[in-house]
Protein chains: 2
Amino acid sequence: MCTSLRACGRWSAFDESGILAKQLTIAVDVMGGDGEVETVLLATRRVITGDPGVRALLCGDRTLIDPFLEAHPEFAAKVDVLHTDQQVLAHDLPAQAVRRARNSSMGLAIKAVKSGDAQVAVSAGNTGALMALSKVILRTMPGIERPALGALLPTKGSDSVMLDLGANVECDEDNLVQFALMGAAYARVVLGTDRPRVALLNIGEEDMKGNEAVKNAGNILRGAPLPLEFVGFTEGDRIFDGDLDVIVSGGFPGNVAIKTAEGMAKLISELLGDAFRTNMLSRIGYLFARSGLKRLRKHMDPNNHNGGVFLGLNGLVVKSHGGANEEGLATAIRVAVEMARKELSKLIAEDLKNFESDSIKPEELAEVG
Amino acid sequence: MCTSLRACGRWSAFDESGILAKQLTIAVDVMGGDGEVETVLLATRRVITGDPGVRALLCGDRTLIDPFLEAHPEFAAKVDVLHTDQQVLAHDLPAQAVRRARNSSMGLAIKAVKSGDAQVAVSAGNTGALMALSKVILRTMPGIERPALGALLPTKGSDSVMLDLGANVECDEDNLVQFALMGAAYARVVLGTDRPRVALLNIGEEDMKGNEAVKNAGNILRGAPLPLEFVGFTEGDRIFDGDLDVIVSGGFPGNVAIKTAEGMAKLISELLGDAFRTNMLSRIGYLFARSGLKRLRKHMDPNNHNGGVFLGLNGLVVKSHGGANEEGLATAIRVAVEMARKELSKLIAEDLKNFESDSIKPEELAEVG
């Protein structure tokens, strides 16, 4: 019989509010992403070392992991290793991954969530493969056809939720409506917004603008009794205004939007550097304004906004940017820990279930439109 | 018989290089856009007053235009008015515009290009209607199914051409390939690049990423002997790197990209303002760095990058942002003057024709893929 909570390994730490928190295990795909295995291990170590309530299940090639564990015994004490020398590559097709990569480092991490050995999986690997493997292994929640990749974006106000960021290349109106529901549930859990303001990303704000999927989704969302405030269409220039809680998009334009925003931020950051190097006066100006500018840089650094969450699955999977550095990977792993601690999947499932019993099933929404 | 070139009204001014330049007439839709008629008139006046080689044909309601002309006689001497009280509204559907709005201010401006009374039309009105009316009145060039909206984007290096920015909601592979050809021709004319580097906007750089239209267009462009260097797929974060001359996209993601970039630039600009207001030191810093920052602001101001050009038509049509201010409208009108002076349409048509006779017709490209 287990008399000590800590020894039992299930309840071990106090969270920030002083409430007894569950012991969490995060499954980390150490062979995903464009970087070195060591970068993933360093990021994992950075997050779990400071958090007594978290352990890691490292999925990947033991011959690459073991030397790191030998060099970092305090980290080794908090991890287990699931060995595999198989990995999903950047150019693998989702269908190939599903057929051949269930025992890859990515597949093992997701299977650990399915079996309950871990509460969340994190990978910086191929988005399409991660989505396909997650869907096959974890299955989607009732009423959800396809999971979507969602993340928090910085805005002028508090963060906004945006989805889908690239998990689904082609989306029809039913997918978009389901994304709206999942995004709203995510916003309720993560942003604490009771009735999130949800907009559809479009190329004009008038009702007749856009492609058929977006126009039809707009009609459905306008007509249905939903636990969200549908505010209509938004164009890309309003994404960061901070007056929207959830921005819903198909995966192609959603991915284009987030990557283009990243590119623009990078451009301005470099031009700003040039502006401060213009002459001696501007160099002096930089020295004076340094503290404010550092805060701005931190606010906009993509590494501080890393970690997309697959929404709509029976289990939590977090996707890191493939090119993230140690800091970026650590941010994604922190997102994974936070979402697991908040039991995001369970709360979204309950939210969708309440909504279904209260009013209408997501899959029936199309008939309302 | 016309003995004086100036009196003849066809050859009147020397351009910057000292070569005798043609007298141009620009047709301005003074009732398009979200702003006041007076803003459009002020912007037109600002551009043509300083340019002896340009006259304007103001298309719109004479009762709104005449008081302005009475107040500005020097401007009145350089313009003619085509009266109509009809206008295209922001929520008019393209098909409605084609049926009912040929005699609107927008329709008259385009018809003036068709008849040769003007060398270019400028409008800040509804993009879909402008595209549909332009296509019906001016027709597309041989081998081009649909015109595309292209514009110059600021980058780390010299400007890049991006198209389509929202004229075509759904695009197939043939449209994308034709956009690539038109974009390359535009880059040759405007950027002076002999063999432009062209990329397709996608959600991944690997060949198998993206939707069918983008993948198929990639296969066609990779296989065909073209007067451009096809560099493959690009993600949104590379748009501003300056190593691409032409970025080709369907109208939906293209519009999302450019608007999102605008939103991100606005966000950073506001956060930067906050950063300089953080404390007394940062305020002092701003004073020192002011000149460099002003240059940055000018470089990034959307009003300095206004003016998209419809490519692939037998005639020039320039689209201004609907919400542009006087400065922004003036930029779009300057773009119109520059493109008309460079005879962009004629050069693109010649470029496409040379290409056709040299190698292969654009409409046959699909068979190469």
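Keep in mind it's a predicted model, so treat the numbers as computed, not measured. (Residues numbered from 1 in each chain as written. Chains lettered and ligands numbered in written order. Predicted model: local features only at pLDDT ≥ 70, side-chain atom pairs only at ≥ 80, totals over all residues. Heavy atoms only, no water.)

Peer 1: Tell me about the interface of chain A and chain B, residues and numbers included.
Peer 2: Taken together, the 63 residues of chain A in the interface contact 63 residues of chain B. Among the residues of chain A in contact with chain B, Ile203(A), Phe252(A) and Phe288(A) are the three that bury the most area, contributing 13% of the side total. On inspection of chain A and its partner chain B, the count reaches 8 residue pairs in polar contact (both at pLDDT 80 or more). Going through the elements one at a time, α9 (212–223), α10 (251–276) and α11 (280–300) of chain A are the ones with two or more residues in the side of chain A that touches chain B. (Contact = heavy atoms within 4.5 Å. Buried area = accessible area lost by both parts, 1.4 Å probe. Polar contact = N/O pair within 3.5 Å; in protein donor to acceptor, adjacent residues only side chain to side chain. Helix = DSSP H or I, 4+ residues; strand = E, 2+ residues; numbered from the N terminus.)

Peer 1: Before we move on, could you go through the relation of the copies chain A and chain B and cite the residues and values that matter?
Peer 2: Least-squares fitting of chain A to chain B yields an RMSD of 0.0 Å, with the superposition described by an axial translation of 0.0 Å and a rotation of 180°. Within this description, the copies of the chain are treated as partners about a two-fold rotation axis. Within chain A, the C-alpha atom positioned nearest to the axis of rotation is that of Gly285(A), 1.8 Å from it. Both copies present the same face, since 100% of the interface residues in chain A are matched by interface residues at the equivalent positions in chain B. (Least-squares fit on C-alpha atoms with pLDDT ≥ 70 in both.)

Peer 1: Kindly report on the packing of helix α2 (residues 37–49) of chain A against helix α3 (residues 62–71) of chain A, identifying the contributing residues and their values.
Peer 2: Residue and element names in this part refer to chain A. Running from N to C, α2 and α3 cross one another at 45°; their axes reach a closest spacing of 10 Å. The pairing of α2 with α3 is recorded here as oblique in orientation. You can see that α2 and α3 cross each other, and the crossing is right-handed. Residues Val-37, Glu-38, Leu-41, Leu-42 and Arg-45 of α2 lie in contact with α3, whose contacting residues are Leu-64, Ile-65 and Phe-68. A breakdown of the residues in the contact of α2 with α3 according to their chemical character gives 6 nonpolar, no polar and 2 charged. (Axes fitted to C-alpha atoms, helices over the stretch in contact; angles between N-to-C directions. Parallel < 35°, antiparallel > 145°, perpendicular 65-115°, else oblique. Left-handed = near helix turned anticlockwise from the far one by under 90°. Nonpolar A, V, L, I, M, F, W, Y, C, P; charged D, E, K, R; others polar.)

Peer 1: Provide a residue-level description of the side chain of Asp61(B), including the pertinent values.
Peer 2: Residues and elements named next belong to chain B. Examined against the element boundaries, Asp-61 turns out to sit in the loop between β4 (54–60) and α3 (62–71). One buried charged side chain, Asp-61, makes no salt bridge at all; its nearest oppositely charged neighbour is Arg-62, positioned 7.9 Å away. Among the polar contacts made by the side chain of Asp-61, one reaches the side chain of Thr-63 at a distance of 2.8 Å. Setting aside chain neighbours within four positions, we find Asp-61 in contact with Met-31, His-83, Thr-84 and Asp-85. (Buried < 20%, exposed > 50% of the residue type's maximum accessible area, 1.4 Å probe, protein only. Lys, Arg positive; Asp, Glu negative; His and termini not counted. Salt bridge = Lys/Arg side-chain N within 4 Å of Asp/Glu carboxyl O.)

Peer 1: Got a sec to walk through α9(A)? Specific residues and values, please.
Peer 2: Side chains that are three or four residues apart share a direction in an α-helix, a result of its 3.6 residues per turn. Residue and element names in this part refer to chain A. With 12 residues, α9 ought to run about 16 Å at 1.5 Å a step, and its terminal C-alpha atoms sit 17 Å apart, in line with that. If you check which residues of α9 are buried, you get Ala-213, Val-214, Ala-217, Gly-218, Ile-220 and Leu-221. End-on view of α9: buried residues confined to an arc of 165°, all on one side of the axis. (Expected span 1.5 Å × (residues − 1). Arc of directions from axis to C-beta.)

Peer 1: Give me the lowdown on the pattern of salt bridges, citing residues and values where you can.
Peer 2: A complete count under the given rule lists 32 salt bridges over all chains for this structure. Ionic pairing is found between Glu235(B) and Lys259(A), a salt bridge with its closest N-O pair at 2.2 Å. One end of the pair, Glu235(B), is in the loop between β10 (229–234) and β11 (246–248); the other, Lys259(A), is in helix α10, on a second chain. Residue Glu235(B) is classed as buried on the basis of its relative accessible area, which comes to 15%. The exposure class assigned to Lys259(A) is buried, which follows from its relative accessible area of 13%. Residue Asp274(A) pairs with Arg277(A) through a salt bridge whose shortest N-O separation is 3.0 Å. Linked by salt bridges that have partners in common, Lys156(A), Asp241(A), Lys266(B) and Glu270(B) make up one network.

Peer 1: Tell me about the confidence of the model for chain A, residues and numbers included.
Peer 2: All names here are of chain A. Confidence in the prediction for chain A averages 86 pLDDT; 89% of positions are at 70 or higher. Across chain A, strand β11 (residues 246–248) holds the top mean pLDDT of 98, while helix α1 (residues 5–8) sits lowest at 34. Throughout residues 1–20 the model reports pLDDT below 50, and contacts reaching past four residues in sequence, or to other chains, amount to 27 contacts. Across residues 357–361, where pLDDT falls below 50, the model places 5 contacts with residues more than four positions away in sequence or in other chains. (pLDDT = per-residue confidence, 0-100.)

Peer 1: Tell me what's going on with the sheet that holds strand β6 (residues 120–123) of chain B, and back it up with residues and numbers.
Peer 2: All names here are of chain B. Reading across the sheet, the 11 strands line up as β5-β4-β3-β6-β13-β12-β7-β8-β11-β9-β10 and stay open at both edges, with mixed pairing between neighbours. Both edges of this open sheet fall to β5 (79–83) and β10, since each of them pairs with a single strand only. Recorded for the sheet is a direction-independent mean angle of 25° between the axes of neighbouring strands. Here strand β8 (residues 160–163) pairs with β11 via 3 bridges, running parallel. If you follow Met-162 over to β11, its bridge partner there is Ile-247. (Pairing = 2+ DSSP bridges.)

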